[in-house]
Amino acid sequence: MSVHETIEQALVAPSYLAGGGDPGWVTVPLHRACDWSYGHDPLMPRVILTSPDQQATLRIDPDPDEPWWTVRHARCGDRPAWSATFDARTPVEIIAALTDALTAPTPPAPGLEPYDLLRQAGWHTVGEGLISPDRIAAIEHYGGEDGPWFAEARLDQDEGGLIWRAYLSNTTPPHLIAAFAQALADPTPVRRPVGRVPAPAREHTLTRTVHLPVGDVAFALEQRVAALSARRKDATSNTHLPRSPRVPPPRRTR
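Residues numbered from 1 in each chain as written. Predicted model: local features only at pLDDT ≥ 70, side-chain atom pairs only at ≥ 80, totals over all residues. Heavy atoms only, no water.

A. Spatial organisation of the nonpolar core. Core analysis: the biggest nonpolar cluster contains 52 residues, and Tyr-16, Leu-58, Phe-86, Ile-139, Trp-164, Phe-180 and Leu-184 have the highest contact counts within it. The element contributing the most residues to this core is helix 4 (residues 174-185), with nine residues. Ala-10, Ala-18, Val-190 and Val-197 belong to the second largest nonpolar core, which has five residues in total. (Core = buried A, V, L, I, M, F, W, Y, C linked by side-chain atoms within 4.5 Å. Buried < 20%, exposed > 50% of the residue type's maximum accessible area, 1.4 Å probe, protein only. Helix = DSSP H or I, 4+ residues; strand = E, 2+ residues; numbered from the N terminus.)

Shown next as structure tokens:
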């Protein structure tokens, strides 16, 4: 491979119109950086990954009439079970935001509420939910605090106008909802092979074709795996740091 070799890539914004992308962006780091296991059945066109503690699963099931992606977590102590589903054309970067937050060694400190994150990005209120500045993506916390979350990208209200839809149960941990909302609001363009943006969405995106070094494209996933592996190693190292010896207070003298 020549160091001067390049490949055409499309940089697409907003990301929620970029199409599904490569599922490996989610599945490979879960397996290689987070030790999620998988069962291989060459006769079944699906993927099932299971977390090391057997509490969480990710399933990709290519059923045209059902969500392709399902993340489930079993009840754990006083934390209830929860689930999240995503249609086939949900960008993998948005799904990865949730799975990255799920596999983080420690949950982040509480930050902005999901609606506040989106309002800062220019989303505005419509009914009980929020809609993106281009009025294509929307999210709603159905029924208030105790209800599930729905999000979708839709070009119009006709049957063929829906691009993708996501559902997050009412028991989904708040930091995962926040990670999902942050990904929805992220203005950073995402990479796609030229011509792979869903046709109905193309006229609504800002797409720029660039020539990138082949190595940058080929090793992007490896870099992502390395970053998530390093995150885990750092957390493990910090938990095993030796404690500072306890120094007794100075004795009082007369």
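Having seen the model, we can carry on.
B. Looking closely at the packing of helix 2 (residues 92-102) against helix 4. Direction vectors running N to C along helix 2 and helix 4 enclose 150°, while the axes themselves pass 8 Å from each other. With respect to their mutual orientation, helix 2 and helix 4 come out roughly antiparallel. Viewed along their axes, helix 2 and helix 4 form a crossing whose handedness is right-handed. Taking contact as the criterion, the partners of Glu-93, Ile-94, Ala-97, Leu-98, Ala-101 and Leu-102 in helix 2 are, on helix 4, His-175, Leu-176, Ala-179, Phe-180, Ala-183 and Leu-184. Tallied by class, residues from the contact of helix 2 with helix 4 come to ten nonpolar, one polar and one charged. (Axes fitted to C-alpha atoms, helices over the stretch in contact; angles between N-to-C directions. Parallel < 35°, antiparallel > 145°, perpendicular 65-115°, else oblique. Left-handed = near helix turned anticlockwise from the far one by under 90°. Contact = heavy atoms within 4.5 Å. Nonpolar A, V, L, I, M, F, W, Y, C, P; charged D, E, K, R; others polar.)

C. Structural context of the pattern of salt bridges. If you walk through the whole model with that rule in mind, you get eight salt bridges. Across the pair Arg-224 and Asp-100 runs a salt bridge whose closest N-O atoms are separated by 2.9 Å. On the criterion of sequence distance, the pair formed by Arg-224 in helix 6 (residues 220-239) and Asp-100 in helix 2 is long-range, its members being 124 residues apart. Taken as a pair, Arg-224 and Asp-100 share a single burial class, namely buried. Three or more residues are tied together by salt bridges with common partners; here these are Glu-152, Arg-154 and Arg-165. (Salt bridge = Lys/Arg side-chain N within 4 Å of Asp/Glu carboxyl O.)

D. Structural view of the sheet that holds strand 5 (residues 69-73). Here we have ten strands laid out as an open sheet, ordered 2-3-4-5-6-11-10-9-8-7, and antiparallel in their pairing. The open sheet has two edge strands, strand 2 (37-38) and strand 7 (124-126), and neither has a second partner. On top of the sheet, helix 1 (residues 24-32) reaches strand 2, strand 3 (47-50), strand 4 (56-60) and strand 5; it is set at about 145° to strand 4, its chief contact. Sheet strands touched by helix 4: strand 6 (82-86), strand 9 (137-141), strand 10 (149-154) and strand 11 (162-168). Its angle to strand 11, the strand with the most contacts, is close to 160°. (Pairing = 2+ DSSP bridges.)

E. Here's a closer look at helix 2. With ten of eleven residues buried, helix 2 is to be regarded as a mostly interior element. Taken residue by residue, helix 2 has Val-92, Ile-94, Ile-95, Ala-96, Ala-97, Leu-98, Thr-99, Asp-100, Ala-101 and Leu-102 as its buried positions.

F. The arrangement of the packing of aromatic side chains in detail. Per the counting criterion, the structure on display carries five aromatic pairs. Their ring planes at 85° and their centres at 5.6 Å tell us that Tyr-115 and Trp-149 sit as a pair that is edge-to-face. In this pair, Tyr-115 sits in helix 3 (residues 114-120) while Trp-149 sits in strand 10, placing the two residues 34 residues apart along the sequence. Residue Tyr-115 shares its accessibility class with Trp-149, and that shared class is buried. Measuring from ring centre to ring centre gives 5.3 Å for Phe-150 and Tyr-167, while their planes differ by 55°; the resulting arrangement is tilted. Of this pair, Phe-150 sits in strand 10 while Tyr-167 is found in strand 11, placing the two residues 17 residues apart along the sequence. Owing to a relative accessible area of 33%, Phe-150 belongs among the partly exposed residues under this scheme. (Phe/Tyr/Trp six-rings, centres within 6.5 Å; stacked < 30°, edge-to-face > 60°.)

G. Region of interest: the packing of helix 1 against helix 2. Between helix 1 and helix 2, whose axes approach to 9 Å, the crossing angle comes to 30°. By the angle between their directions, the pair helix 1 and helix 2 is classed as roughly parallel. Here Trp-25, Val-26 and Leu-30 of helix 1 come into contact with helix 2, specifically with Val-92, Glu-93, Ile-95, Ala-96 and Thr-99. By residue class, the composition of the contact of helix 1 with helix 2 is six nonpolar, one polar and one charged.

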